[in-house]
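Here's the letter readout for the chains.
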Amino acid sequence: MPALVARLNAAAQGTVLGVQTYVRLAWNALRFIFARPFYGGDLVQQMDAIGVQSLGIVLLTGFFTGMVLALQSSVQLRTFGATQYIGSLVSASMIRELGPVLAGLMVAGRVGSGVAAQIGSMKVTEQIDALNTLGTDPIKKLVTPRVLAALVVLPLLTVINDLVGILGGNLIAKVYVGLPSSFYWRTVWEQITAGGFSFGIIPNDFIQGLVKPFVFGGIIATTACHYGLATSGGTEGVGVATTRTVVASSIAILVVDYFLTQLLLAVLGGA
Amino acid sequence: MSTDETEARAAERRAVERGAERGAERAATAGQERRVRSAVRAELEADDDGEERPRAEEPGPAPGAVIELENVHLGFGDRVILDGVSFLAQRGETIAVVGESGTGKSTTLKLILRHLQPDAGRVYIDGQDICGLSFEEALEVRKRMGMVFQGAALFDSLTVYENVAYPLREHTSYDETEIERRVREKLAFVDLDPDVVMEQLPSALSGGMRKRVGVARAIANDPEIMLYDEPTSGLDPLTTGTITRLIMKLQRELGVTSVVVSHDIRSVFRMASYVAVLADRRIRFFGTPEEMASSDDRYIRDFLGGF
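Residues numbered from 1 in each chain as written. Chains lettered and ligands numbered in written order. Predicted model: local features only at pLDDT ≥ 70, side-chain atom pairs only at ≥ 80, totals over all residues.

Caption draft 1: Region of the structure containing the overall build of chain B. The secondary structure content of chain B amounts to 13 helices and 10 strands. Counting contacts in chain B only where the partners sit at least 6 residues apart, residues at least 24 apart contribute 64% of the total. (Helix = DSSP H or I, 4+ residues; strand = E, 2+ residues; numbered from the N terminus. Contact = placed C-beta atoms within 7 Å.)

Structure below.
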């Protein structure tokens, strides 16, 4: 029994220590956004790697998600004779939930794994030590540009995701249900304005839909860098870091999404 | 180097270590010093039950030392890596740290770079205690050091040119022409043709070439201190000779102070001013290669047995 207690104790200590290093890393990464030296070249490179190169999968997933949403809702709404509300349903789902979450999960899979593998390999081949030795703070050089790039790029990807999703819905509504495009877009706009406005001009749905990917971007980049920097044990360790990054950031996105939704609904009203 | 010269140097070392006056007295005490050292060694061997060991008489940095470890203790969890390690290197000297695998040789380098902090004891660089420094201050100290890693640790996303230019871009405000001039100069110093290798990625180079680029990057900023982690491991005998000559050339032409961690006794004997043998978490032996070769310590004899 004491052996079990000792093991539980060791596991708990390990977890607490892990959380502590993660929080410190995330804090430093954000703090260094405003510190010198600023690695602008790395930032642009990361925005390209995280944003531009993720565009394809985001376009694809967004479009098909919008189409399937329209298809499923047309079946449900037909029973009530309410197929004219397809536009409202697709836009509300895409902008508030599916756009941010799907973009987050896609980027976690594609970019999170890549970042963890790259930083992990740099760790096991002593390149991180080399940076340190050459007088460079690896957090400033590697982590901050990735975190900042993800914070900026993920909301942009989400907007694109939302847009092609609603377009996909438009296609299905027109082809399968026979709903005119002008009518579809009018219901989309009515749905967006129905949620109310913040500061008089920004629809609340947009705020919800943009705060989420901002947070998700931070989660993905910091998780990937955390596991990457914690890599040990050679190439096998790189694989472990990659897997952990994808699993941890995907779960974190879904869990944080719930609480964030509750918080935003309370703040923006509508709950 | 003759035996007299060797003894005189050893004596000088002791004298400086204690801050004693320089002069004729030093030569006179050379023979005595040798006897004292062997007595201490005998005592160390006899005393293996954890009693108080001889320690540095006066804590604080030794005058003239560029690198000094003072009674350093370090452990990870329950595992003790170093238990009271002291040695020092003076300007222009090459100290080779040898020992079996897992005796804390690479750890010693990490302490000098302050990638690790000792649990007890002090590490001085040019008389400055680096243990109390913040992360940013430690980065400043590291700018004066060059480190050659076991696997070269070149940034594999950057070309050879960008790798060597890295410390210059990071810490100087040289314009591109000056950076290129220096990169070419450093690559030529390590016997690489700049026009051939500059635009290549590290993955396209052989192990020996990568290591030479690693040396070029380490010396780009003209450091006062060079650290080498197993510089010749995994290299063929000819390349080993090239790298060993390169380290000697750096010492001779640039006057850098070096610490070399190595398994390779043959190259250690060629390049080291002093050899420190780490065994059983302590410095088992510290002396010139000649003294090591003529040591009557059983462990040292066994260690050299393969040679």
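Caption draft 2: Geometry of the overall build of chain A. From N to C terminus, chain A includes 9 helices and 2 strands. Along the chain direction, N to C, the helices and strands of chain A fall in the order α-α-α-α-α-α-α-β-β-α-α. Overall size of chain A, expressed as C-alpha extent along the three principal axes, is 65 × 55 × 35 Å. When the 271 residues of chain A are sorted by exposure, 42% land in the buried category. Once local pairs closer than 6 in sequence are excluded, the contacts in chain A between residues at least 24 apart make up 85%. (Buried ≥ 20, exposed ≤ 12 C-beta atoms within 10 Å, placed from the backbone.)

Caption draft 3: Molecular detail of the interface of chain B and chain A. Facing the 15 residues of chain B at the interface are 11 residues of chain A. Those elements that place two or more of their residues in the side of chain B that touches chain A are helix H5 (135-142), strand S6 (145-148) and helix H6 (160-171) of chain B. Ranked by the residues each element gives to the side of chain B that touches chain A, the list is headed by H6 of chain B, at 4 residues. When its residues are assigned to classes, the side of chain B that touches chain A shows 9 nonpolar, 3 polar and 3 charged. (Nonpolar A, V, L, I, M, F, W, Y, C, P; charged D, E, K, R; others polar.)

Caption draft 4: Examining the confidence of the model for chain B more closely. All names here are of chain B. Mean pLDDT for chain B: 80, with 80% of residues reaching 70 or above. Least confident of the elements in chain B is helix H2 (residues 24-28), whose mean pLDDT is 37; most confident is strand S8 (residues 257-261), at 93. Across residues 43-56 the pLDDT falls below 50, and counting only partners more than four positions away or on other chains, this stretch makes 7 contacts in the model. With pTM at 0.80, the complex prediction returns an ipTM value of 0.75. (pLDDT = per-residue confidence, 0-100.)

Caption draft 5: Fine view of helix H4 (residues 86-124) of chain A. Residue and element names in this part refer to chain A. Of all the bends in H4, the largest measures some 55 degrees and sits at Met 94. Of all 39 residues making up H4, 28 are buried, and the element is well covered by its neighbours. Looking at the residues trailing H4, positive phi occurs at Glu 126, about 65 degrees. (Bend = angle between axes of the 7 residues up to and from the residue.)

Caption draft 6: Structural detail: the pairing of strand S10 (residues 282-287) of chain B. All names here are of chain B. Among the 6 residues of S10, 5 are classified as buried, and the element is accordingly described as predominantly covered. Summarising the sheet, strand S9 (residues 274-279) and S10 pair through 5 bridges and their orientation is antiparallel. Paired with Leu 278 across the two strands is Ile 283, which belongs to S10. Where S9 folds back onto S10 in an antiparallel hairpin, the turn is made up of 2 residues, including Asp 280, whose phi is positive at roughly 55 degrees. (Pairing = 2+ DSSP bridges.)

Caption draft 7: Local environment of the packing of H6 of chain B against helix H7 (residues 176-189) of chain B. Residues and elements named next belong to chain B. Close contact between H6 and H7 brings their axes to 9 Å; oriented N to C, the two are set at 120 degrees. For the element pair H6 / H7, the angle class is oblique. Both H6 and H7 take part in a crossing whose hand is right-handed. Only Ile 179, Arg 182, Val 183, Lys 186 and Leu 187 of H7 make contact with H6, whose side of the interface consists of Tyr 161, Val 164, Ala 165, Leu 168 and Arg 169. (Axes fitted to C-alpha atoms, helices over the stretch in contact; angles between N-to-C directions. Parallel < 35°, antiparallel > 145°, perpendicular 65-115°, else oblique. Left-handed = near helix turned anticlockwise from the far one by under 90°.)

Caption draft 8: The arrangement of the sheet that holds S8 of chain B in detail. Residue and element names in this part refer to chain B. The strand order across the open sheet built from 6 strands is S6-S7-S8-S3-S9-S10, with neighbouring strands paired in mixed fashion. Each end of this open sheet is capped by a strand with a single partner; those strands are S6 and S10. Neighbouring strand axes in the sheet, compared pairwise and without regard to direction, differ in orientation by 15 degrees on average. Across 5 bridges, strand S7 (residues 225-229) lies against S8 in parallel orientation. Bridge assignment links Asp 229 to a residue of S8, and that residue is Val 261. On the sheet, helix H9 (residues 207-219) packs against S6 and S7 and is oriented at approximately 170 degrees with respect to S6. Along the sheet, helix H10 (residues 237-254) makes contact with strand S3 (94-99), S7 and S8, crossing S8 at roughly 160 degrees.

Caption draft 9: Structural detail: the nonpolar core. Within the largest apolar cluster, 129 residues are counted, with the highest numbers of intra-cluster contacts made by Leu 227 and Ala 276 of chain B. For this core, the element with the highest residue contribution is H4 of chain A, accounting for 15 residues. Ignoring any residue separated from it by four or fewer positions in sequence, one finds Leu 227 of chain B in contact with Leu 109, Ile 112, Leu 113, Met 145, Met 147 and Val 259 of chain B. (Core = buried A, V, L, I, M, F, W, Y, C linked by C-beta atoms within 7 Å.)

Caption draft 10: Quick peek at unusual backbone geometry. The phi angle at Glu 230 of chain B is positive, at roughly 45 degrees, despite the residue not being glycine. Although it is not a glycine, Asp 280 of chain B adopts a positive phi angle of roughly 55 degrees.

Caption draft 11: Local environment of the sheet that holds strand S4 (residues 120-125) of chain B. Read across the sheet, 4 strands follow the order S2-S1-S4-S5 (chain B) without closing on themselves; strand pairing throughout is antiparallel. In the strand order of this sheet, the two ends are held by strand S2 (79-90) and strand S5 (128-129) of chain B, each with one partner.

Caption draft 12: Region of interest: the environment of Met 145 of chain B. Among the structural elements, Met 145 of chain B can be located in strand S6. Met 145 of chain B sits in the buried class, given 25 other C-beta atoms within 10 Å. Between the C-alpha atoms of Met 145 of chain B and Asp 222 of chain B, which are 77 residues apart in sequence, the distance is 8.5 Å. Among residues more than four places away in sequence, those in contact with Met 145 of chain B are Thr 133 of chain A together with Leu 113, Pro 223, Ile 225 and Leu 227 of chain B.

Caption draft 13: The pairing of S4 of chain B, seen in detail. Residues and elements named next belong to chain B. Pairing analysis gives 5 bridges linking strand S1 (residues 65-76) to S4, with the strands arranged antiparallel. Bridge assignment links Glu 68 to a residue of S4, and that residue is Tyr 124. Sheet topology note: the S4/S5 ladder contains 2 bridges and is antiparallel. Among the inter-strand pairings, Tyr 124 is bridged to a residue of S5, identified as Asp 129. Connecting S4 to the next strand, S5, in antiparallel fashion are 2 residues, including Asp 126 with a positive phi near 50 degrees.

Caption draft 14: Structural context of the confidence of the model for chain A. Put simply, chain A has an average pLDDT of 91, and 99% of its residues get 70 or more. The least confident element of chain A, judged by mean pLDDT, is strand S1 (residues 197-198) of chain A at 80; the most confident is helix H6 (residues 138-177) of chain A at 94.

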